[in-house]
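Below are the chains, spelled out letter by letter.
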Amino acid sequence: MAQKPSIPKGTRDFTPTEMNRRNYIFDTIKAVFRKYGYSPIETPAMENLSTLLGKYGEEGDKLLFKILNSGDYLSKISDEELAGKDSNQLSTRISEKGLRYDLTVPFARFVVQHRNQLTFPFKRFQIQNVWRADRPQKGRYREFFQCDVDVIGSNSLLNELELVQIIDEVFSLLSLKVVTKINNRKILSGIAEIIGQAEKIVDITVAIDKLEKIGLEGVNKELTEKEIPKEAIDKLQPIIKLAGNNTEKLATLKEVIADSEIGLKGIAEMEQIFKYLQQVDVACEVELDLTLARGLNYYTGAIFEVKSKDAEMGSICGGGRYDDLTGIFGMPDVSGVGISFGADRIYDVIEQLKLFPEKAIAGTQLLFVNFGEKEEAYCLPLLEKVRKAGISSEIYPDSAKMKKQMGYADSNHIPFVAIAGASEMEAGKITLKNMESGEQEMVVVEEMIEKFSR
RNA sequence: GUGAUUGUAGCUCAGUUGGUUAGAGCGCUGGAUUGUGGUUCCAGAGGUCGUGGGUUCGACCCCCAUCAUUCACCCCA
């Protein structure tokens, strides 16, 4: 046998069953997006590296898939450069395109480029795959789908509310119990300010984010390693350990960071969001979580993360507000807020919990058995009629043995089989067999179609 | 990038202290049943044991290298 074929690490093929289930997820997400007034866009799989580089931090740059220039890409490189073996230096010379890493940055690029054609606030959704040169592991792929919703060009916190409503609706439609965690970058900045470590904000938030994983001691250890002074760490303790319900948490926080203007602003924002939430009907848990600190450099306000309550999995949806994302592309002072549903992780969770509905795998409803030339000629017009009536149907392409044809219907979960041989042809009818019950009866086409339309 | 794990039939996996011809279940093909599937019975096809070296009279098994896999860390959907 020839060598076994394979696909790149962290990528996947999708079988028909998997595709039907994935589409079930995409369709429900899409429907909700549309319902809230968002319009679809798409952007290319590849972007210029200049638009991608530097947007995701140092780590992010490493995880970008780069595309080699076409043609003789080494021709313009000098021998000295080659001999230098500086991969980073060289890569910018031989590669100027890369696969998109997320949908947010391409969206920002899109907005800047098409600003004249857009009406703000602009609400868009985008469902496409993204690529990261990460090491794959559980719930982590190198090619995966994100389902983004963003609204750009509006500072209103109504948008944050709307996103929570969308989260709530999507996951309740998918029958998943989730908790939505909210934090605010301004509060985090305020905290860093109060303890006099404003410039260490990223280190601090990254460390605090690991509370659940490595515990209080671990967090403190990491803070020490990041050269945060002991007094500052001591000051942080009540904040890391903050407990109570959302309003209680906000109240304590307010006292602790009373001297930080930006911190108070963040608290005011959170209070407003929670106030909005009381005015609408949101079923899922919404929880203020200070340990939530997405690493993305561009969030400036609210930060969101959604986790399944019943499955062990990283976040299945995340996002936040970014005040100046388009600034890097020369369009300052445009604020946006958005979230991204991780379709592949959502799939894994639903699969794990066995919550895929049967109808998510609906395919062919009716199979015509093929007995030979004469019978084919008899069935073809009938098949046409059935299809015109909107019933997914097919005829077995060869006059194979009954056993084979029935087996085909069976393994494809086709619920009904139409059999037409000499006696049926004579009577101008078809035998319709119910594959589940085994019952069968001779009927005319119209009767058969009638049965399906019920 | 760091640390582990596993690699045997299409799939999931057995395989004794190193010993002759490497097994099972599922799936597949054919038959029992040439107009009746999902159940049952019978038969059959299918493997350079990831790859390359080494040790040995002899290697699926031991050693080294390499590639691939999965999991964790970093980071993240």
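Our subject is the structure that appears above.
Here is a short report on the structure shown in this document. Since the model is a prediction, treat every value here as computed from it, not as a measurement.

Conventions we followed
Residues numbered from 1 in each chain as written. Chains lettered and ligands numbered in written order. Predicted model: local features only at pLDDT ≥ 70, side-chain atom pairs only at ≥ 80, totals over all residues. Heavy atoms only, no water. Helix = DSSP H or I, 4+ residues; strand = E, 2+ residues; numbered from the N terminus. Rg over C-alpha atoms; globule rule 2.2 N^0.38 Å. Buried < 20%, exposed > 50% of the residue type's maximum accessible area, 1.4 Å probe, protein only. Areas by Shrake-Rupley, 256 points an atom, 1.4 Å probe, with all protein chains shown as cover. Near = heavy atom within 4 Å. Polar contact = N/O pair within 3.5 Å; in protein donor to acceptor, adjacent residues only side chain to side chain. Nonpolar A, V, L, I, M, F, W, Y, C, P; charged D, E, K, R; others polar. Lys, Arg positive; Asp, Glu negative; His and termini not counted. Salt bridge = Lys/Arg side-chain N within 4 Å of Asp/Glu carboxyl O. Contact = heavy atoms within 4.5 Å.

## Description of the overall build of chain A
A count of helices and strands for chain A gives 18 helices and 16 strands. Relative to its length of 454 residues, chain A is extended, with a C-alpha radius of gyration of 28 Å against a globular reference of 22 Å. Taken over the C-alpha atoms alone, chain A extends approximately 95 × 65 × 50 Å along its principal axes. Burial status across chain A gives 48% buried among its 454 residues. Of the roughly 23700 Å² of accessible surface on chain A, 50% is carried by carbon and sulfur atoms.

## A few points about the protein's contact with RNA strand B
RNA strand B sits among 41 residues. The nearest are Arg132, Arg140, Ser315, Lys401 and Met435. Atoms of RNA strand B within 4 Å of the protein belong to the sugar or the phosphate in 48% of instances, the rest to bases. Here a base oxygen of RNA strand B sits 3.1 Å away from a polar atom, N or O, in the main chain of Ala422. A distance of 2.8 Å separates a base oxygen of RNA strand B from a polar atom in the side chain of Lys433. Contributing elements (two or more residues each) for the surface near RNA strand B: β6 (143-152), α16 (402-411) and α17 (422-427). Of the residues contributing to the surface near RNA strand B, the split by class is 12 nonpolar, 11 polar and 18 charged.

## Digging into the side chain of Lys433
When you line up the elements, Lys433 lands in strand β15 (residues 430-434). Buried Lys433, no salt bridge; nearest opposite-charge side chain is Asp410, N-O distance 9.5 Å. Once residues within four sequence positions are removed from consideration, Lys433 is found in contact with Met406, Pro415, Phe416, Val417, Gly438, Glu439 and Gln440.

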